[in-house]
Amino acid sequence: MARIIGGIGMSHVPTIGVAYDKQKWDNPAWAPLFEGARPAFDWLADKKPDVLIFLYNDHLNAFFYDLYPTFAIGVAPEHDVADEGAGRRPLPMLPGHTRLATHLAEQVINDEFDLAVFHDRPLDHGVFSPLPLLWPHEGGWPGAVVPIMVNVVRYPLPTAMRCFKLGQALRRAIHSYPEDISVAIVGTGGLSHQIHGERTGHNDTDWDMRFLDLIEHNPIELARMRHVDYVRLGGAESAEVIMWLTMRGALSDDITKVHQSYYLATTTAMTTLVFEENRVHRPAASEIRLGNEQIAGIEDIEGTYPFTIGIGVEKARLNRFFWNMRMPQARAAFNADEAAACREAGLTAEETALVARRDWLGLIRAGANFFVLEKFARLVGETNLEVYAEMRGETFEEFLATRQVPDAR
């Protein structure tokens with residue numbers, strides 16, 4: 001049974017990563033930050049959680065305005081470090097936890113929080129600025145991370161109350177997970193700061209201290225605040241502390257603050273906060289929920305193959321192969337040498353054979369989604385109707401005879 005042991009609030013600032021990589025731990029300008037983070041590092045070393053759930057925002061490194069979700073959960077088996085313009089930081093790949101992430105997505109979406117789902121997208125300093133200060137990484141990270149991205153970049157942002165309620169939904173979902181693991185929740189983002197416009201450099205230490213007191217003792221007061229309140233008090237970019245509210249919403253009311261540090265060096269108030277659950281909730285059997293209740297029993301519907309998060313992760317290469325047929329260069333490469341195109345895409349021998357036979361039903365059973373398959377069908381000169389007929393084991397004429405308007409082809 002999954003257990004939540006506590007939560008961490010921590011600022012993410014790109015310059016922290018620069019200072020860390022340049023080993024400025026003892027530099028007088030940076031030492032207070034690293035010393036302030038050390039108790040959180042020690043707390044995690046003592047508690048040894050299996051998974052960190054990391055609430056962060058992407059700074060337009062993996063997502064752009066053409067598709068910037070409000071909430072998105074990463075379900076990949078591992079996550080890469082985003083190149084933010086100065087090269088990839090020298091950090092190892094970060095293990096994900098596909099089983100837990102999939103479970104959280106299923107349960108939280110069924111709890112009416114509409115999470116987007118992503119994999120094959122790198123994580124930026126929203127994760128990798130604080131993470132090396134929390135976990136060692138020589139030879140690999142000691143556990144897995146489930147990243148949850150929150151839009152605090154482009155308005156409309158989710159409300160502070162919505163973020164707090166998302167944390168409560170995550171708590172329910174974590175406790176319903178059947179595997180015996182321990183989980184810590186990390187909420188990231190700087191406290192008071194503004195980094196654009198004439199108000200650049202705004203800070204308010206009095207507000208920061210009030211925020212830290214409220215998130216411990218009265219988070220509902222913070223949840224009721226509007227974005228404009230956060231901006232007025234702490235600066236435009238300080239609204240990202242609503243991600244701390246998601247962390248706090250995932251905790252119980254019975255917590256102890258075991259550490260707090262605060263350091264304001266230049267433009268961003270950098271803080272580390274650790275809450276520990278006084279009585280770790282151990283879920284009862286009645287709390288456990290397996291799978292997606294919305295499709296329970298779908299396996300009994302003959303000839304139906306639901307496309308799930310797990311299939312999307314496991315069969316990403318196969319689906320990307322067909323998805324890429326939107327692009328002229330991919331179509332040209334396939335027409336020039338089918339077998340070479342399949343090898344280049346990393347398809348297995350069995351998948352390559354299904355492609356060669358144009359075995360549409362076999363490809364569906366192998367984990368291909370129909371909506372990428374139809375792109376490939378167009379390339380090889382088959383219409384959707386012809387593909388439908390073949391999946392049913394009928395001739396084209398036999399299939400059309402079953403339609404209400406056989407001439408609509």
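Cut-offs used in this document
Residues numbered from 1 in each chain as written. Predicted model: local features only at pLDDT ≥ 70, side-chain atom pairs only at ≥ 80, totals over all residues. Heavy atoms only, no water. Core = buried A, V, L, I, M, F, W, Y, C linked by side-chain atoms within 4.5 Å. Buried < 20%, exposed > 50% of the residue type's maximum accessible area, 1.4 Å probe, protein only. Helix = DSSP H or I, 4+ residues; strand = E, 2+ residues; numbered from the N terminus. Contact = heavy atoms within 4.5 Å. Patch = residues over 30% accessible without salt bridge, like charges linked within 9 Å, V, L, I, M, F, W, Y side chains within 5 Å. Areas by Shrake-Rupley, 256 points an atom, 1.4 Å probe, with all protein chains shown as cover. Salt bridge = Lys/Arg side-chain N within 4 Å of Asp/Glu carboxyl O. Arc of directions from axis to C-beta. Pairing = 2+ DSSP bridges. Axes fitted to C-alpha atoms, helices over the stretch in contact; angles between N-to-C directions. Parallel < 35°, antiparallel > 145°, perpendicular 65-115°, else oblique. Left-handed = near helix turned anticlockwise from the far one by under 90°. Nonpolar A, V, L, I, M, F, W, Y, C, P; charged D, E, K, R; others polar.

1. A few points about the nonpolar core
Argument step 1. Among the nonpolar cores identified, the biggest contains 58 residues, and Ile 53, Ile 73, Leu 104, Ile 185, Phe 211, Leu 222 and Tyr 230 are the most heavily contacted of them.
Argument step 2. Ranked by residues supplied to this core, first place goes to helix H6 (residues 160-175) with eight residues.
Argument step 3. Apart from the residues lying within four places of it in its own chain, the contact partners of Ile 53 are Leu 104, Val 146, Ile 148, Ile 174, Val 183, Ala 184, Ile 185 and Val 186.
Argument step 4. In this structure, Phe 34, Phe 54, Tyr 56 and Val 274 belong to the second largest nonpolar core, which totals 40 residues.

2. Side note on a nonpolar patch on the surface
Argument step 1. Judged by side-chain polarity, Phe 64, Tyr 65 and Val 153 come together as a nonpolar surface patch covering roughly 270 Å² of accessible area.
Argument step 2. Mapped onto the secondary structure, Phe 64 falls in the loop between strand E2 (51-56) and strand E3 (71-74).

3. Looking at helix H1 (residues 14-21)
Argument step 1. Among the residues of H1, Ile 16, Gly 17, Ala 19 and Tyr 20 are the ones counted as buried. Down the axis of H1, the smallest arc covering the buried residues is 165°, so these residues share one side.
Argument step 2. Summarising the contacts, the buried residues of H1 are in contact with helix H2 (31-47), helix H5 (131-134) and strand E10 (269-277).
Argument step 3. Phi for Gln 23, located one or two positions after H1, is positive at around 55°.

4. Observations concerning the pattern of salt bridges
Argument step 1. For the coordinates displayed, the defined rule picks out 19 salt bridges.
Argument step 2. In this structure, Glu 351 and Lys 315 form a salt bridge, with 3.6 Å as the shortest nitrogen-oxygen distance. With Glu 351 in helix H15 (residues 349-357) and Lys 315 in the loop between helix H11 (309-314) and helix H12 (316-323), the pair connects residues that are 36 residues apart, well separated along the chain.
Argument step 3. Judged by its relative accessible area of 9%, Glu 351 falls in the buried class.
Argument step 4. A salt bridge links Asp 359 to Arg 357, with the shortest nitrogen-to-oxygen separation between them at 3.4 Å.
Argument step 5. Taking the relative accessible area as the measure of exposure, Asp 359 reaches 24% and is therefore partly exposed.
Argument step 6. On the basis of relative accessible area, Arg 357 is assigned to the exposed category, the value being 53%.
Argument step 7. Through salt bridges with shared partners, a single network forms among Arg 226, Asp 229 and Arg 232.

5. Some details on the environment of Gly 381
Argument step 1. Mapped onto the secondary structure, Gly 381 falls in the loop between helix H17 (370-379) and helix H18 (384-392).
Argument step 2. Between the C-alpha atom of Gly 381 and that of Met 225, which follows or precedes it by 156 residues, the distance is 57 Å.

6. What about unusual backbone geometry?
Argument step 1. Between Tyr 155 and the following residue, Pro 156, the backbone shows a cis peptide bond with an omega angle of 5°.
Argument step 2. Its location among the elements puts Pro 156 in the loop between strand E7 (144-150) and H6.

7. Description of the sheet that holds strand E8 (residues 182-188)
Argument step 1. Read across the open sheet, the eight strands follow the order E6-E3-E7-E2-E8-E1-E10-E9; overall the sheet is mixed. Of all the strands in the sheet, the pair left with one neighbour each is strand E6 (116-118) and strand E9 (255-264). On average, each strand axis in the sheet is tilted by 20° relative to the strand beside it, whichever way the strands run.
Argument step 2. Docked against the sheet, H2 engages strand E1 (3-10), E2, E8, E9 and E10, running at close to 20° with respect to E10.
Argument step 3. Against the sheet, helix H7 (residues 205-217) engages E9 and E10, with an angle of about 165° to E9.

8. Section: the pairing of E9
Argument step 1. With nine bridges connecting them, E9 and E10 associate as antiparallel partners. Considered in E10, the bridge of Tyr 263 is made with Met 270.
Argument step 2. In textbook terms, the turn of a hairpin is the stretch between consecutive antiparallel strands, and for E9 and E10 this stretch comprises four residues.

9. Description of the packing of H12 against H17
Argument step 1. Where H12 contacts H17, the axes come no closer than 7 Å and their chain directions differ by 45°. As far as their axial angle goes, H17 and H12 are oblique. Note that H12 runs across H17; the crossing there is left-handed. Listed contacts from H17 to Asn 319, Phe 322 and Trp 323 of H12 are Val 372, Leu 373, Lys 375 and Phe 376.
Argument step 2. Residues of the contact of H12 with H17, tallied by class, amount to five nonpolar, one polar and one charged.

No statement about biological role is implied by the geometric values presented.
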